[in-house]
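# Structural overview for review
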Amino acid sequence: MDVNDALYLKAQQVMPGGVNSPVRAYRDVDMAPRFINSADGAYITDADSCRYIDYVCSWGPLILGHNHASVRAAVEQAIPDGLSFGAPTSGEIEIARLIVGMVPNIEMVRMVNSGTEAVMSALRLARGATGRDKLIKFDGCYHGHCDAMLVNAGSSVLDGGRPSSAGVPEGAARDTLTARYNDLDSVRALLEANRDQVAAVIVEPVAANMGVVPPAPGFLQGLRDLCDEFGALLIFDEVITGFRLATGGAQAYFDVRADLVTFGKIIGGGMPVGAYAGSRELMELVAPCGPVYQAGTLSGNPVAMAAGRAQLLWLKQHPYIYEDLEKNGEILAAGLRDAAGAAGVPVRVNRVGSLISVFFTDTDVFDLESARTSDRDLYAAYFAGMLKRGIYLAPSRFEAMFLSDAHTKEDIDTTLKAAAETFRELGG
Ligand SMILES: *Cc1c(COP(=O)(O)O)cnc(C)c1O
């Protein structure tokens with residue numbers, strides 16, 4: 001038995017499924033998870049000393065790759081001054097000013113500790129601001145694990161084939177209405193049937209938790225217009241897209257304005273950080289200025305802020321990174337499409353910038369229903385074939401590939417060679 005398998009057995013004695021987040025358990029690909037010892041740049045090394053080219057990148061935060069020198073230096077510099085104060089610091093002002101300067105249409109930001117917390121807080125703010133209770137989300141979009149969002153949710157919630165979760169009271173789910181991604185009529189119908197009751201429409205501006213599903217042209221602007229017409233707030237959940245599509249996130253990339261924006265992942269540079277942001281008018285409804293309560297013992301943690309600030313600053317100072325990611329993303333996506341085609345394996349490859357998904361289906365993927373046509377067993381075989389060849393992909397057909405600035409042309413070449421062999425195996 002190798003070290004990985006031994007660790008997996010041990011882990012299952014003391015942690016449910018051996019993991020601290022379900023998708024890591026590899027249940028959707030019928031394998032034992034890899035335990036990771038270390039990572040650097042585009043590479044990750046497991047407990048058996050196997051090195052892989054990593055396309056998970058901690059599920060998105062590591063847009064500069066693992067252990068980026070400037071992020072690590074910022075953390076090392078912060079540590080001697082203390083790990084937590086529970087009091088304001090100048091570092092918090094710096095990262096807040098950086099975010100407000102980079103992201104269009106926001107004036108204030110509140111830092112929290114995860115994407116889940118950011119979304120939960122933004123929803124409370126939207127309800128507090130409008131005095132309305134209902135929310136509209138989209139089937140297959142994932143917004144973290146707060147009760148109200150565990151209704152037809154994406155990500156590893158999909159793997160279990162359950163639309164929701166046990167333990168979510170009917171009352172918490174009752175006020176969450178679900179619409180179809182890329183289907184404005186389904187949103188209008190809900191808004192009309194619930195006139196003056198919908199506080200917010202929350203959307204992943206690029207859906208990336210049912211695999212990558214781009215917004216159809218006009219979809220996001222259509223949501224903006226519907227929200228204006230019905231007096232609801234539009235929330236962009238940019239926990240993945242924030243600072244990934246562009247320094248200004250999806251608002252800048254698609255030129256559509258949201259009322260509230262949530263962040264996570266990239267904003268922490270690999271440390272546990274989330275944030276929500278909006279206009280001064282909305283954000284000053286949050287305690288201590290206003291009646292919407294939200295707090296955090298470790299929020300704005302000085303070490304986490306140092307990491308996040310260093311990564312955001314690097315992105316701001318190296319804007320060409322986004323052009324490189326776009327170019328490399330297209331080479332990788334086109335290469336995967338060609339390799340599958342040459343092997344006679346029907347796939348759809350969706351891509352927006354550095355977010356890519358391979359769906360094993362012969363229908364276009366534009367919403368949850370079409371995403372679900374992706375063949376589970378073929379994905380599992382593809383995953384195993386790639387892993388065997390040193391390519392570390394997301395262990396679920398409903399997750400994205402994350403390309404980082406650390407991935408070189410050679411890494412992509414190696415990946416495409418592995419993909420060609422793997423697809424031939426699947427096709428043969
Ligand atoms: C990851 C994710 C979340 C949840 O963030 P956590 O830090 O895992 O709590 C919320 N929304 C989106 C779009 C995400 O991808």
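A few points on the structure. (Residues numbered from 1 in each chain as written. Predicted model: local features only at pLDDT ≥ 70, side-chain atom pairs only at ≥ 80, totals over all residues. Heavy atoms only, no water.)

## Focus on the overall build of the protein chain
Looking only at helices and strands, the protein chain has 15 helices and 14 strands in total. The C-alpha radius of gyration of the protein chain comes to 21 Å, within 12% of the 22 Å expected for a compact globule of 428 residues. Overall size of the protein chain, expressed as C-alpha extent along the three principal axes, is 60 × 55 × 45 Å. Buried positions account for 56% of the 428 residues belonging to the protein chain. In the protein chain, of all internal contacts separated by at least 6 residues, the share reaching a separation of at least 24 is 71%. Within the structure as shown, the protein chain displays about 17,500 Å² of accessible surface, and the carbon and sulfur contribution to it stands at 51%. Positive and negative charge centroids in the protein chain, built from 37 and 52 side chains respectively, lie 1 Å apart. (Helix = DSSP H or I, 4+ residues; strand = E, 2+ residues; numbered from the N terminus. Rg over C-alpha atoms; globule rule 2.2 N^0.38 Å. Buried < 20%, exposed > 50% of the residue type's maximum accessible area, 1.4 Å probe, protein only. Contact = heavy atoms within 4.5 Å. Areas by Shrake-Rupley, 256 points an atom, 1.4 Å probe, with all protein chains shown as cover. Lys, Arg positive; Asp, Glu negative; His and termini not counted. Charge placed at Lys NZ, Arg CZ, Asp CG, Glu CD.)

## Focus on the pairing of strand 12 (residues 355-359)
Within strand 12, five of the five residues are buried, leaving the element largely enclosed by the surrounding structure. Looking at chain direction, strand 11 (residues 348-352) and strand 12 are connected through five bridges and run antiparallel. Bridged to Val352 within strand 12 is Leu355. Here strand 11 folds back onto strand 12, and the loop between the two strands holds two residues, one of which, Gly353, carries a positive phi near 60°. Bridge analysis of strand 12 against strand 14 (residues 401-402) gives two bridges, and the strand direction is antiparallel. Across the sheet, the residue bridging to Ile356 is Met401, located in strand 14. (Pairing = 2+ DSSP bridges.)

## A few points about the site of the ligand
Around the ligand lies a shell formed by Ser114, Gly115, Thr116, Tyr142, His143, Gly144, Glu204, Asn209, Asp237, Val239, Ile240 and Lys265. Gly115 places a main-chain nitrogen or oxygen 2.8 Å from an oxygen atom of the ligand. Between the ligand and Thr116, the relevant distance is 2.6 Å, taken from an oxygen atom to a side-chain nitrogen or oxygen of the residue. Burial of the ligand by the surrounding chains reaches 83%, relative to a free accessible area of 380 Å². Taken together, the residues that form the shell around the ligand break down as three nonpolar, six polar and three charged. (Near = heavy atom within 4 Å. Polar contact = N/O pair within 3.5 Å; in protein donor to acceptor, adjacent residues only side chain to side chain. Nonpolar A, V, L, I, M, F, W, Y, C, P; charged D, E, K, R; others polar.)

## Regarding the nonpolar core
The nonpolar side chains of soluble globular proteins are, as a tendency, buried together. In this structure, Ile99, Phe138, Phe243, Leu336 and Phe423 are the most contacted members of the largest nonpolar core, which totals 107 residues. By residue number, the principal contributor to this core is helix 12 (residues 320-342), which donates eight residues. Those residues in contact with Phe243 that sit more than four places away from it in its chain are Ile63, Ile99, Met102, Val103, Gly249, Phe263, Ile266, Ile267, Leu312, Leu315 and Tyr322. (Core = buried A, V, L, I, M, F, W, Y, C linked by side-chain atoms within 4.5 Å.)

## Let's talk about the packing of aromatic side chains
Summed over the entire model, instances satisfying the criterion amount to twelve aromatic pairs. The interplanar angle of 55° and the centroid separation of 5.1 Å between the aromatic rings of Tyr181 and Phe219 together place this pair among those described as tilted. Of the two residues, Tyr181 sits in the loop between strand 6 (176-179) and helix 7 (184-193) while Phe219 sits in helix 8 (residues 219-230), which places them 38 residues apart along the sequence. In terms of burial, Tyr181 and Phe219 fall into one category: buried. Summarising the aromatic geometry, the rings of Tyr379 and Tyr382 are spaced 5.7 Å apart at their centres and angled 70° between planes, so their arrangement reads as edge-to-face. (Phe/Tyr/Trp six-rings, centres within 6.5 Å; stacked < 30°, edge-to-face > 60°.)

## Remarks on the sheet that holds strand 13 (residues 391-392)
If you walk across this open sheet you meet the four strands as 1-2-3-13, and the pairing is mixed. Of all strands in the sheet, those with a lone pairing partner are strand 1 (36-40) and strand 13, marking the two edges. Where strand 3 (residues 51-54) and strand 13 come together, two bridges link them in parallel fashion. Looking at strand 13, one finds that Asp54 is bridged to Tyr392.

## Description of the sheet that holds strand 4 (residues 108-112)
Within a sheet, neighbouring strands are paired by backbone hydrogen bonds and run either parallel or antiparallel to one another. Strands sit in the order 4-10-9-8-7-5-6 across an open sheet of seven strands; the sheet is mixed. The open sheet has two edge strands, strand 4 and strand 6, and neither has a second partner. Geometrically, the sheet is characterised by an average inter-axis angle of 20° between neighbouring strands, direction not taken into account. Where strand 4 meets strand 10 (residues 274-278), five bridges bridge the pair, whose relative direction is antiparallel. Across the sheet, Val112 pairs through a bridge with Gly274, a residue of strand 10. (Axes fitted to C-alpha atoms, helices over the stretch in contact; angles between N-to-C directions.)

## Some points on the pattern of salt bridges
Where charged atoms from two side chains of opposite charge approach closely, those side chains can pair. Within this structure, the stated rule accounts for 22 salt bridges. Residue Arg188 pairs with Glu229 through a salt bridge whose shortest N-O separation is 2.9 Å. In this pair, Arg188 is assigned in helix 7 and Glu229 in helix 8, connecting sequence segments 41 residues apart. In this structure, Glu284 and Arg280 form a salt bridge, with 2.9 Å as the shortest nitrogen-oxygen distance. The class of Glu284 is partly exposed, set by a relative accessible area of 31%. One continuous salt-bridge network, built from bridges that share partners, spans Asp28, Asp30, Arg376, Asp377 and Arg397. (Salt bridge = Lys/Arg side-chain N within 4 Å of Asp/Glu carboxyl O.)

## Examining unusual backbone geometry
Note that the residue after Ala287, namely Pro288, is joined by a cis bond; omega there is 10°. Its place among the elements puts Pro288 in the loop between helix 10 (280-283) and helix 11 (302-317). The backbone of Ser58 shows a phi angle near 60°, a positive value even though the residue is not glycine. When you line up the elements, Ser58 lands in the loop between strand 3 and helix 2 (69-78). Accessibility expressed as a relative area gives 39% for Ser58, which makes it partly exposed. Positive phi is not limited to glycine here, since Asp196 has a value of about 60°. Note that Asp196 resides in the loop between helix 7 and strand 7 (198-203). For Asp196, a relative accessible area of 58% corresponds to the exposed category.

Read these as spatial facts, not as claims about activity.
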